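# Working through the structure, step by step
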Amino acid sequence: MRVIILESAADIAVQAGNIFVELLKEKPDAVLGLATGATPVPTYKYLIDCYNKGKVSFKDAVSFNLDEYIGLNKEHPNSYYFFMMDMLFSHVNMRKDMIHVPNGVAEDIEKECRDYDALIEQFGGIYVQLLGIGTNGHIGFNEPSDAFSEGTYVTDLTKSTIESNKIYFPNGDMPTKAITMGIGSIMKAKKVILIATGHSKAKAIKAMIEGEVTPSCPASILQKHSDAVIFLDRDAASLLA
Ligand code: GLP
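Residues numbered from 1 in each chain as written. Predicted model: local features only at pLDDT ≥ 70, side-chain atom pairs only at ≥ 80, totals over all residues. Heavy atoms only, no water.

### Here we look at the site of the ligand
- By nearness alone, 13 residues border the ligand, and Ala38, Thr39, Asp67, His138 and Lys201 come closest of all.
- Within the backbone of Ala38, a nitrogen or oxygen atom sits 2.7 Å from an oxygen atom of the ligand.
- With respect to the ligand, the backbone of Ile133 contributes an N or O atom lying 3.3 Å from an oxygen atom.
- Compared with its free state, where it exposes 390 Å², the ligand has 92% of that area covered by protein.
- Partitioning the shell around the ligand into residue classes produces four nonpolar, seven polar and two charged. (Near = heavy atom within 4 Å. Polar contact = N/O pair within 3.5 Å; in protein donor to acceptor, adjacent residues only side chain to side chain. Areas by Shrake-Rupley, 256 points an atom, 1.4 Å probe, with all protein chains shown as cover. Nonpolar A, V, L, I, M, F, W, Y, C, P; charged D, E, K, R; others polar.)

### Description of the pattern of salt bridges
- Within the structure shown, the criterion is met by twelve salt bridges.
- For Lys166, the salt bridge is made with Glu163, and the minimal N-O distance between the two is 3.1 Å. (Salt bridge = Lys/Arg side-chain N within 4 Å of Asp/Glu carboxyl O.)

### As for the packing of helix H1 (residues 9-26) against helix H2 (residues 41-52)
- Where H1 meets H2, the axes come as close as 8 Å, and the angle between the chain directions of the two elements is 55 degrees. The angle between H1 and H2 falls in the class oblique. Relative to H2, the crossing made by H1 is right-handed. Contacts between H1 and H2 involve Ala9, Ala13, Val14, Ala16, Gly17, Asn18, Phe20 and Val21 on the former and, on the latter, Pro42, Thr43, Tyr46, Leu47 and Cys50.
- Grouping the constituent residues of the contact of H1 with H2 by class yields ten nonpolar, three polar and no charged. (Axes fitted to C-alpha atoms, helices over the stretch in contact; angles between N-to-C directions. Helix = DSSP H or I, 4+ residues; strand = E, 2+ residues; numbered from the N terminus. Parallel < 35°, antiparallel > 145°, perpendicular 65-115°, else oblique. Left-handed = near helix turned anticlockwise from the far one by under 90°. Contact = heavy atoms within 4.5 Å.)

### Topic: H2
- With twelve residues, H2 extends 16 Å between its outermost C-alpha atoms, agreeing within 8% with the 16 Å of an ideal straight helix rising 1.5 Å per residue.
- Taken together, the buried positions of H2 are Val41, Thr43, Tyr44, Tyr46, Leu47, Ile48 and Cys50.
- Positioned one or two residues after H2, Gly54 has a phi angle of 75 degrees, which is positive. (Expected span 1.5 Å × (residues − 1). Buried < 20%, exposed > 50% of the residue type's maximum accessible area, 1.4 Å probe, protein only.)

### Thoughts on the nonpolar core
- If you look at the biggest cluster of nonpolar residues, it comprises 69 residues, and the most contacted ones within it are Leu194 and Met208.
- Beyond its immediate chain neighbours, meaning those up to four positions away, Met208 contacts Met1, Ile133, Leu194, Cys217, Ala219, Ser220, Leu222, Gln223 and Ile230.
- Membership of the second largest hydrophobic core comes to eight residues, among which are Tyr69, Leu72, Tyr80 and Phe169. (Core = buried A, V, L, I, M, F, W, Y, C linked by side-chain atoms within 4.5 Å.)

### As for a nonpolar patch on the surface
- A cluster of nonpolar side chains, namely Met1, Val3 and Ile5, defines an oily patch on the protein surface of about 210 Å² accessible area.
- Within the element layout of this structure, Met1 appears in the segment before strand E1 (2-6). (Patch = residues over 30% accessible without salt bridge, like charges linked within 9 Å, V, L, I, M, F, W, Y side chains within 5 Å.)

### Notes on the side chain of Ser220
- The residue Ser220 is located in the loop between helix H7 (202-210) and strand E10 (228-233) in this model.
- Relative accessible area serves as the criterion here: at 0%, Ser220 is assigned to the buried category.
- Here Ser220 is in contact with Phe148, Ala207, Met208, Glu212, Val213 and Thr214, once residues within four sequence places are set aside.

### What about the side chain of Thr214?
- Following the sequence through the fold, Thr214 ends up in the loop between H7 and E10.
- Engagement of the side chain of Thr214 in a polar contact is seen with the side chain of Ser216, the distance being 2.9 Å.
- Residue contacts for Thr214: discarding those within four places in its chain leaves Phe148 and Ser220.

### As for the packing of aromatic side chains
- Scanning the entire structure with this criterion turns up six aromatic pairs.
- For the pair Phe64 and Tyr116, a centre-to-centre distance of 5.5 Å together with 80 degrees between the ring planes defines the contact as edge-to-face. Here the residue Phe64 occupies a position in strand E3 (residues 62-65), and Tyr116 occupies one in helix H4 (residues 109-122), the gap between them amounting to 52 residues. This pair shows no difference in class: Phe64 is buried, exactly as Tyr116 is.
- With centroids separated by 5.9 Å and ring planes inclined at 65 degrees, the aromatic side chains of Phe64 and Phe123 adopt a geometry described as edge-to-face. On the criterion of sequence distance, the pair formed by Phe64 in strand E3 and Phe123 in the loop between H4 and strand E6 (128-131) is long-range, its members being 59 residues apart. (Phe/Tyr/Trp six-rings, centres within 6.5 Å; stacked < 30°, edge-to-face > 60°.)

Encoded structure:
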């Protein structure tokens with residue numbers, strides 16, 4: 001794990017964003033692994049800015065998002081598909097049919113999980129996977145548990161995740177299940193970038209970097225990834241030794 005502590009969320013956006021810009025310059029048809037949440041928003045804004053300035057093109061790129069809420073369709077304003085369109089894809093020249101987000105309303109959800117993994121493989125695997133982190137150490141929607149997950153699956157959200165994310169559901173109708181790429185899928189990415197900002201992430205960051213590798217802090221598995229880069233602001237890094 002390479003840990004890089006920067007002054008601000010804006011600095012993280014530039015550094016994390018540039019990894020994608022460089023990748024797409026070298027390999028225009030790269031397969032990108034993308035994440036939702038508030039943390040990557042500045043990175044997406046930076047990428048949109050680079051696109052507007054002609055520094056990057058998504059014309060031949062392929063993307064796979066980590067997760068989706070069960071029960072929310074693409075048009076639902078709280079769905080992660082909607083989020084990605086809103087925050088990134090509708091502002092750049094990404095082909096719509098190359099955008100992949102797990103389908104949270106699939107009739108056969110088990111098949112959806114298997115098909116999602118198969119499709120990632122079909123495109124040759126993920127080059128760079130962007131990750132945020134939950135306050136409980138989750139990545140994607142891989143919640144703390146007693147075993148690391150493998151491929152894409154359906155999971156129950158923990159109380160703490162529901163607590164953190166329910167602000168986005170003012171009507172109190174937050175789903176309690178999600179479909180997520182598994183820890184095994186995430187670990188297959190050639191490179192992983194995890195970004196975290198703010199005090200609320202400091203405990204999870206400490207456990208991820210300095211704790212033991214344990215499924216009770218799912219992000220700790222990244223200690224075993226051969227190319228994981230962690231970008232933190234000072235607040236997120238504040239509990240590190
Ligand atoms: C959600 C997503 C995660 C994300 C986490 C943190 O639970 N499934 O992928 O990392 O939220 O979000 P935020 O960046 O808003 O703190």
